[in-house]
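# Notes for the structure review
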Amino acid sequence: MRSDANIAGPMTDPVPGPRTESIGADVSRETPPPMDDTPIGRAAQLAVEALGRAGEGLPRPEQTRVMVVANQKGGVGKTTTTVNLAASLALHGARVLVVDLDPQGNASTALGIDHHADVPSIYDVLVESRPLSEVVQPVPDVEGLFCAPATIDLAGAEIELVSLVARESRLQRAIASYEQPLDYILIDCPPSLGLLTVNALVAGQEVLIPIQCEYYALEGLGQLLRNVDLVRGHLNPTLHVSTILLTMYDGRTRLASQVADEVRSHFGEEVLRTSIPRSVRISEAPSYGQTVLTYDPGSSGALSYLEAAREMALKGVGVKYEATHAHLGAQNDPNMVEGIQ
Ligand SMILES: Nc1ncnc2c1ncn2[C@@H]1O[C@H](COP(=O)(O)OP(=O)(O)OP(=O)(O)O)[C@@H](O)[C@H]1O
Ligand SMILES: [Mg+2]
């Protein structure tokens, strides 16, 4: 795994990909990512340009940022956020690995990655101690994006892990010995706080919590935050909640803005200014094995995830974020689902 600031140089990076001249807070020294040579990849690249920032590139983190996407509440947008942020970061020129840690395998599906029962998967890594490099697959159509898929076997892992040595830190060990250079690892957690999620929390430095803008949004979060504290206290001193992302935001409802206000007053700085609108395009993309970035690059859903990725990348290196478009919210989205009254 990447661990120093200078490995972006061509001499030390064996895998071709968009390069930076140096790493740091100076955005202008970045080289823009090359045009992808598949039609879908090209379309997605155009979406990056639609934001008017493609030439700018984005600062790459000094060390691999390992981000745990967690919320034990089901259906709040964990998987959607993982795959679309990962694709956005890759389109911005970063090298990104998605680790699918949910037996449902939704992230693998959404990235168009084969994950039938015989495919080497994250189960083999956790339970059979197989090297991560043997299960990682490149994601079609998005250069620089990779996935460690989940198969149905993973459903048994919660139980099988219990009797294994170092059961909480098996993912952390696998990531530590993964030698490909990466800027980001995004781990998609299942909707529970069992051993799979604990493995993610031990492996990561940052927790990213997607919060759906609806009633009861904050319910249950206390338990997740207590688990983060426990893991920080006993197993992983660097772990912290770095990022909150508001998802499925419907700007036409008072409820959504009330929830957003409540989350912002509760968490403050951690909440990204960019929120993700409720959008039909976002929910359609997985059934085509695609992220919204390749499925409909010009949609408000795609633009919001690109913008959230940009905000996250700038925040990570301490560069002040300024919104590309003032209204990347749900208000003007023609694909938006009917508002909840
Ligand atoms: N911004 C959005 N607009 C419209 N639909 C969305 C949006 N984000 C997510 N969805 C849809 O909401 C559902 C739940 O999203 P997702 O699967 O990402 O949640 P999850 O937290 O990963 O769920 P689980 O807890 O089951 O893993 C999916 O059908 C998804 O397509
Ligand atoms: Mg999910």
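Residues numbered from 1 in each chain as written. Chains lettered and ligands numbered in written order. Predicted model: local features only at pLDDT ≥ 70, side-chain atom pairs only at ≥ 80, totals over all residues. Heavy atoms only, no water.

### Quick look at the overall build of the protein chain
We count it as follows: Helix and strand assignments come from DSSP, with helices taken as H or I runs of at least 4 residues and strands as E runs of at least 2, each series counted from the N terminus. A 1.4 Å probe rolled over the protein chains alone gives each residue an accessible area, and that area as a share of the maximum for its type sets the label: buried under 20%, exposed over 50%, partly exposed in between. Contacts were defined at the residue level, with two residues in contact if any of their heavy atoms lie within 4.5 Å. Only the protein chains shown count as cover for residues, with accessible areas throughout obtained via the Shrake-Rupley method and a probe of 1.4 Å.
A count of helices and strands for the protein chain gives 12 helices and 7 strands. The burial tally for the protein chain puts 55% of its 341 residues in the buried class. In the protein chain, once contacts between residues fewer than 6 apart in sequence are set aside, the share between residues at least 24 apart is 77%. By element, 52% of the accessible surface of the protein chain is carried by carbon and sulfur atoms, the whole surface being about 14000 Å².

### Quick look at the sheet that holds strand 3 (residues 137-138)
Rule in force here: A pair of strands is labelled paired if DSSP reports no fewer than 2 bridges between them. Here an angle of 0 to 180 degrees is reported between the N-to-C directions of two axes, which are lines fitted to C-alpha atoms, with helices fitted over the stretch in contact.
Spatial ordering of the open sheet is given by 3-4-2-5-1-6-7, a layout of 7 strands whose pairing is mixed. Strand pairing shows two members of the sheet lacking a second neighbour, strand 3 and strand 7 (240-247), which therefore form its edges. Here strand 2 (residues 96-100) pairs with strand 4 (residues 145-148) via 4 bridges, running parallel. When the bridges of strand 4 are listed, V96 appears paired with L145. Strands in contact with helix 9 (residues 254-267) are strand 6 (206-212) and strand 7; relative to strand 7, the strand with the most contacts, it is inclined by about 170°.

### Re the site of ligand 1
Counted only if it meets this: It suffices for a single heavy atom of a residue to lie within 4 Å of a molecule or strand for the residue to be listed as near it. Polar contacts, as counted here, are pairs of nitrogen or oxygen atoms within 3.5 Å of one another; within protein the pair requires one atom able to donate a hydrogen and one able to accept it, and residues that are adjacent in sequence qualify only if both atoms are side-chain atoms. Each residue is assigned to one of three groups, with Ala, Val, Leu, Ile, Met, Phe, Trp, Tyr, Cys and Pro labelled nonpolar, Asp, Glu, Lys and Arg labelled charged, and all others, Gly among them, labelled polar.
Not every one of the 18 residues close to ligand 1 is listed here, only the nearest: K78, T79, T80, P277 and S279. Take V76: an N or O atom from its main chain is 3.0 Å from an oxygen atom of ligand 1. Taking 630 Å² as the accessible area of ligand 1 by itself, protein coverage stands at 80%. Residue assignment for the shell around ligand 1 shows that the elements contributing at least two residues are helix 2 (78-91) and helix 10 (280-284). Looking at the shell around ligand 1, the element that brings in the most residues is helix 2, giving 3 residues. Across the shell around ligand 1, the residue classes tally to 6 nonpolar, 8 polar and 4 charged.

### Remarks on the packing of aromatic side chains
The condition that has to hold: Aromatic pairs are defined between Phe, Tyr and Trp rings, using the six-membered ring for Trp, whenever the two ring centres lie within 6.5 Å; interplanar angles under 30 degrees are classed as stacked, those over 60 as edge-to-face, and all others as tilted.
With the rule as written, the count across this model stands at 2 aromatic pairs. Judged by centre distance (5.0 Å) and plane angle (20°), the rings of Y288 and Y295 are stacked. Among the residues examined, Y295 registers a relative accessible area of 24% and is labelled partly exposed.

### Section: the side chain of T151
By the secondary structure assignment, T151 is in the loop between strand 4 and helix 5 (154-162). For T151, a relative accessible area of 1% translates into the label buried. A distance of 3.2 Å separates the side chain of T151 from the side chain of S121, its partner in a polar contact. Each residue touching T151, except ones within four places of it in the same chain, is listed here: P103, H115, H116, A117, V119 and S121.

### A closer look at the pairing of strand 1 (residues 65-69)
When you tally the buried positions in strand 1, you get 5 out of 5 residues, the bulk of the element. Here strand 1 shows no split at all, with R65, M67 and V69 on one side and V66 and V68 on the other all buried. One ladder, built from 5 bridges, connects strand 1 with strand 5 (residues 184-188); its direction is parallel. Each residue of the ladder has a partner; that of V66, found in strand 5, is I185. Pairing of strand 1 with strand 6, which is carried by 3 bridges, proceeds in the parallel orientation. In the sheet register, V68 faces strand 6, and the bridge partner there is V207.

### A word on the environment of L195
With respect to the helices and strands, the residue L195 is situated in helix 7 (residues 195-203). When the C-alpha atoms of L195 and E168 are compared, they prove to be 6.6 Å apart, with 27 residues separating the residues in sequence. When neighbours within four sequence positions are excluded, L195 is seen to be in contact with E158, L161, V162, R167 and E168.

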